Amino acid sequence: MKAIGYCGSRSTTEPDCLVDVVLPVPSPEPNDLLVAVEAVSVNPVDTKVRRREQPADAQWRVLGWDAVGTVLACGAAVQGFQPGDRVWYAGALQRPGCNSELHAVDHRLVGHAPASLSPAEAAALPLTAITAWELLFDRLRLPRRGNGQEPQALLVVGAAGGVGSILVQLVRELTDLTLVATASRTESVAWLHQLGVEQVINHHEPFAQQLAGLDLPPLRSAISLTHTGDHFAQLVEVLDPQGALALIDDPPPQAIDVLAMKRKSLSLHWELMFTRSLYQTADMARQGALLQELAALVDAGRIRSTLTQPLGPIDATSLREAHRRLESGNSIGKLVVSGWA
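Residues numbered from 1 in each chain as written. Predicted model: local features only at pLDDT ≥ 70, side-chain atom pairs only at ≥ 80, totals over all residues. Heavy atoms only, no water.

S.K.: When you look at the side chain of Asp32 in this model, what are you seeing that I'm missing?
M.R.: Turning to its location among the elements, Asp32 is positioned in strand 3 (residues 32-42). For Asp32, a relative accessible area of 1% translates into the label buried. Here the side chain of Asp32 touches Arg95 through a polar contact of 2.7 Å, side chain to side chain. In terms of polar contacts, Asp32 uses its side chain to reach the backbone amide nitrogen of Asp106, at 3.4 Å. Beyond its immediate stretch of four places on either side in the chain, Asp32 contacts Ala73, Cys74, Gly75, Val78, Arg95, Ala104, Val105, Asp106 and His107. (Helix = DSSP H or I, 4+ residues; strand = E, 2+ residues; numbered from the N terminus. Buried < 20%, exposed > 50% of the residue type's maximum accessible area, 1.4 Å probe, protein only. Polar contact = N/O pair within 3.5 Å; in protein donor to acceptor, adjacent residues only side chain to side chain. Contact = heavy atoms within 4.5 Å.)

S.K.: What's the story with the sheet that holds strand 9 (residues 153-157) in this structure? I'm lost.
M.R.: One open sheet holds the six strands; their spatial order is 11-10-9-12-13-14, and the pairing between them is parallel. Each end of this open sheet is capped by a strand with a single partner; those strands are strand 11 (199-201) and strand 14 (267-270). Strand-to-strand twist across the sheet, computed as the mean angle between neighbouring axes with direction ignored, equals 20°. Pairing of strand 13 (residues 244-247) with strand 14 involves four bridges; the strand directions are parallel. Residue Ala244 lies in a different strand from strand 14, and its bridge partner there is Ser267. (Pairing = 2+ DSSP bridges. Axes fitted to C-alpha atoms, helices over the stretch in contact; angles between N-to-C directions.)

S.K.: What is the right way to look at the side chain of Gln169 in this model?
M.R.: Within the secondary structure, Gln169 is located in helix 4 (residues 162-174). Among the residues examined, Gln169 registers a relative accessible area of 0% and is labelled buried. Here Gln169 is in contact with Leu195, Arg302, Ile303, Arg304 and Thr306, once residues within four sequence places are set aside.

S.K.: Just to check I follow, could you spell out the packing of helix 3 (residues 126-139) against helix 9 (residues 285-299) for this structure?
M.R.: A pair of packed helices is captured by two measures, namely the crossing angle of their axes and the spacing between those axes. Across the interface, helix 3 lies against helix 9 with an axial gap of 10 Å and an inter-helix angle of 105°. It follows from the interaxial angle that helix 3 and helix 9 lie roughly perpendicular. Where helix 3 abuts helix 9, its residues Pro126, Ala129, Ile130, Trp133, Glu134 and Asp138 lie against Arg286, Gln287, Leu290, Leu291, Glu293, Leu294 and Leu297. In terms of residue class, the contact of helix 3 with helix 9 is made up of eight nonpolar, one polar and four charged. (Parallel < 35°, antiparallel > 145°, perpendicular 65-115°, else oblique. Nonpolar A, V, L, I, M, F, W, Y, C, P; charged D, E, K, R; others polar.)

S.K.: Hey, could you run me through helix 1 (residues 44-52) in this one?
M.R.: In an α-helix, one full turn covers 3.6 residues, which means residues spaced three or four apart are oriented alike. The complete set of buried residues in helix 1 reads Val45, Asp46, Thr47, Val49 and Arg50. On the buried face of helix 1, the contacting elements are strand 1 (2-6), strand 3, strand 4 (61-62), helix 3 and helix 10 (316-328).

Structure (structure tokens):
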């Protein structure tokens, strides 16, 4: 089968940082689906793994953790799927990625894809949607709409990227939270307004002064999606006592002064959407279930795709360009490649 892989850490300026290769067809395990991949999205995790993980000698590492495709075969223990089903998923970090024509994935991590989206539009969502969903409802345990909670605000730092673009929609559709997002570029602010965000502040300017000018309920939660080390002190400053901060990036330890959180009794929450699959947790199937719920929201017209940059066929050239754009730090929404060259 066709695939795109790498055999050594390379910069995106080097043509062999990602290479078109031919690999054996994967053999599904009992819990697996074998999927014919139609579109894949590219996420920061792809670039991090490419830079940091050196494959074993003479081995190809295949990246990719966002896919849409059609089920070709089901393992003996699979329930809820059959050949011909159109599915979407993010998969597992410790297994080969989905940048291949055929891909084996644990069915508990998979949902039926929304009927209303093209493969490229759908591929933009799984990994970032799972991350956003888990941030809101598993890590911060924020209330869903209509449960009678007192009004509260949520601050989302770096909201115009992949995770932020779906997170702000989930907040709008599933909660009663007052949302404040941060962005700094004109095009980023415009994108957030398109997604329904009314209150946007600039993360290059002091948070407290900007938030003081808004009529907000108590700010009890904040989510930092990028450059947390740069904003940590300000987040501690603006959060209400007994509030909570969640993050997904990798700030240097010296940039996170956790003792500064003690006086306010603030809590700190990490989110990695691969935790459930890495540790084969008893609740792994929650990821498949939330993708099912997300598909229903999409087909009802309540959630839109965050695809902003379609880049052509699934091949090494397109994926190298996607990695280059992500590493520039200026991407808005999601980058997707679809169809095989």
